[in-house]
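# Structural overview for review
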Amino acid sequence: MLKEHERIHTGEKPYHCSQCGKCFVSLGVLKQHERIHTGEKPYHCSQCGKCFARSGMLKEHERIHTGEKPYHCSQCGKFFASSGVLKQHERTHTGEKPYHCSQCGKCFARSGMLKEHERIHTGEKPYQCSQCGKCFNQSGELKLHERTHTGEKPYHCSQCGKFFARSGMLKEHGRIHTGEKPYHCSQCGKCFNQSGELKLHERTHTGEKPYHCSQCGKCFARSGELKLHERTHTGEKPYHCSQCGKCFTRSGDLKRHERIHTGQKPYHSSQEHTRLHTEEKA
């Protein structure tokens, strides 16, 4: 053991991997490395049967079953099953981001986050949807996309029971019940419960219209407005009346038409009816 320890100081690495030529200070470390090439995983979990190449990896895994969390954060007292996860957590307190992108210099707290970020530069999209073939640069994005095929909505609102495919969508929905509006307009002080709604509102101040019609060049503040406008060129009328088959460009136009069949009268008085029609023409 002393002899192996001294090699840390001397730099001597007498054990060579016959597969790749990499050198090691001890026979045990070489043996562990060789398992990368052979795929050998001699350590088995007695609870679930999962196999590991190293005894330490098995030990960490077993804590999933026992619930043991021996590593605790000195800042907030939170406990973790492995020293590596604790180290990552501690960076939330220190702000340390040791992983740097060589392309743009952006820094990250985790090596995995850097790896995912680098795909923006390389264009690599290694995660493919088995249903439609669409590719993604993050496994999480693929998982979210797959829900468009499966219809899975694992996030549900405890207030009204509505389900959502994404946690962020549930969070935004929850503000309907709480009345929370955390996004403020710096120009007029108006508040919104979604960042997207604030962004759209800000265009009323800036006059920004980022959506352009490729046919006539007309500009719009919202993508939905552009989509409606484009139908004037294409003639598309996607909204169909189930009673008579008549088609409409807008859902609102279909709704008004359906009142002919239902006999529904949306106006409370003839004066209100006249006023609304006057406003529409103005």
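Scroll up to find the structure this text is about.
Below: a short report on this structure.

About the criteria used
Residues numbered from 1 in each chain as written. Predicted model: local features only at pLDDT ≥ 70, side-chain atom pairs only at ≥ 80, totals over all residues. Heavy atoms only, no water. Salt bridge = Lys/Arg side-chain N within 4 Å of Asp/Glu carboxyl O. Helix = DSSP H or I, 4+ residues; strand = E, 2+ residues; numbered from the N terminus. Buried < 20%, exposed > 50% of the residue type's maximum accessible area, 1.4 Å probe, protein only. Expected span 1.5 Å × (residues − 1). Contact = heavy atoms within 4.5 Å.

We now examine the pattern of salt bridges. For the structure shown, the criterion picks out nine salt bridges. The residue Asp253 makes a salt bridge to Arg256 at a minimum N-O spacing of 2.5 Å. Taken together, the residues span about one helical turn, with Asp253 and Arg256 both in helix 10 (residues 251-262) at a distance of three residues. A residue is classified by how much of its surface remains accessible, and Asp253, at 27% relative accessible area, is partly exposed. Look at Arg256 and you get partly exposed, because its relative accessible area is 43%.

With that settled, consider helix 3 (residues 55-66). Between its terminal C-alpha atoms helix 3 stretches 16 Å, which fits the 16 Å expected from 12 residues at 1.5 Å a residue. When helix 3 is considered as a whole, its buried residues turn out to be Leu58, His61 and Arg63. Check the buried side of helix 3 and you find it contacts strand 3 (43-44), strand 4 (51-52) and strand 5 (71-72). The positive-phi residue at the C-terminal boundary of helix 3 is Gly67, with phi of around 80°.

Right, let's talk about helix 6 (residues 139-150) for a bit. Given a rise of 1.5 Å per residue, 12 residues ought to cover 16 Å, and the 16 Å separating the end C-alpha atoms of helix 6 matches this to within 8%. The complete set of buried residues in helix 6 reads Leu142, His145 and Arg147. Where the residues of helix 6 are buried, they touch strand 9 (127-128), strand 10 (135-136) and strand 11 (155-156). Backbone geometry just downstream of helix 6 places Gly151 in the positive-phi region, at approximately 80°.

These results come straight from atomic positions and should not be treated as a statement about function.
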